[in-house]
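Here are the chains, one letter per residue:
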Amino acid sequence: NVQPLFADFEFGGFAISHNGNLTNAGRLRHQLVSRGCLFQSTSDTEVFLHLMATARGGNVIDRLVEAMRQVEGAYSLIALSPDHVIGIRDPMGFRPMVLGKLETASGTSHVLASETCALDIIDAEFIREVEPGEMVVLTAEGVTSIKPFQPAERRFCIFEYIYFARPD
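Rules and cut-offs
- Residues numbered from 1 in each chain as written.
- Predicted model: local features only at pLDDT ≥ 70, side-chain atom pairs only at ≥ 80, totals over all residues.
- Heavy atoms only, no water.
- Salt bridge = Lys/Arg side-chain N within 4 Å of Asp/Glu carboxyl O.
- Helix = DSSP H or I, 4+ residues; strand = E, 2+ residues; numbered from the N terminus.
- Buried < 20%, exposed > 50% of the residue type's maximum accessible area, 1.4 Å probe, protein only.
- Polar contact = N/O pair within 3.5 Å; in protein donor to acceptor, adjacent residues only side chain to side chain.
- Contact = heavy atoms within 4.5 Å.
- Axes fitted to C-alpha atoms, helices over the stretch in contact; angles between N-to-C directions.
- Parallel < 35°, antiparallel > 145°, perpendicular 65-115°, else oblique.
- Left-handed = near helix turned anticlockwise from the far one by under 90°.
- Nonpolar A, V, L, I, M, F, W, Y, C, P; charged D, E, K, R; others polar.

Time to look at the pattern of salt bridges. Within this structure, the stated rule accounts for 5 salt bridges. Between E10 and R63 there is a salt bridge, and its shortest N-O distance comes to 2.6 Å. In this pair, E10 sits in the loop between β1 (5–9) and β2 (12–22) while R63 sits in helix α3 (residues 60–68), placing the two residues 53 residues apart along the sequence. Judged by its relative accessible area of 67%, E10 is exposed. When the shortest N-O distance is used, the salt bridge between E131 and K147 registers 2.7 Å.

You can see E103 is positioned in strand β5 (residues 98–104). In the structure, E103 is positioned 22 residues away from E125 in sequence and 8.5 Å away in space, judged by C-alpha atoms. Here the side chain of E103 touches T108 through a polar contact of 2.7 Å, side chain to side chain.

This next bit is on the side chain of S81. Here S81 is to be found in the loop between β3 (73–80) and β4 (85–89). Looking at S81, its side chain comes within polar contact range of the side chain of H84, at 2.8 Å. Residues contacting S81, with those up to four places away along its chain left out, are G13, F14 and V60.

What follows covers the packing of helix α1 (residues 25–34) against helix α2 (residues 45–53). Between α1 and α2, the shortest axis-to-axis distance is 10 Å and the interhelical angle comes to 45 degrees. One finds that α1 runs oblique with respect to α2. Once α1 is placed against α2, the crossing between them reads as left-handed. The segment α1 lies against α2, with A25, L28 and L32 engaging V47, H50 and L51. In terms of residue class, the contact of α1 with α2 is made up of 5 nonpolar, 1 polar and no charged.

Right, dumping it as structure tokens:
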């Protein structure tokens, strides 16, 4: 159950990892197995891959959006395709995620992390929190924000901020 998990799709390789719990993972897993999907782990993360594999959309973003609309629970998710770094925060905003900017000799890059102290370690600038239900897509052209989910009542987990707290 080590993350990230990797799969080859028609659009290329795809790696995914998430922090959280899908409350409907058991039901989705059962449905996917009955459709012929073969699971190699007990991780909720693998459910995302199979939902994408069976999605009707063509490109990586369409497939991921279709998959994400089927899951319920609390999560922050990071995915990597040949041309994208994608971050998604669950519609209730239970798990945190931040967007940062990193200046290097070769130019400006954007980064995603679950807490701002990760940005500090690499000398990245904090830009903003990723909003609940937001999908942030990082490409060579820049940052795109997509809001593919219906608005939900926000339910922040105060303990997430304590878990990621630092003495400084």
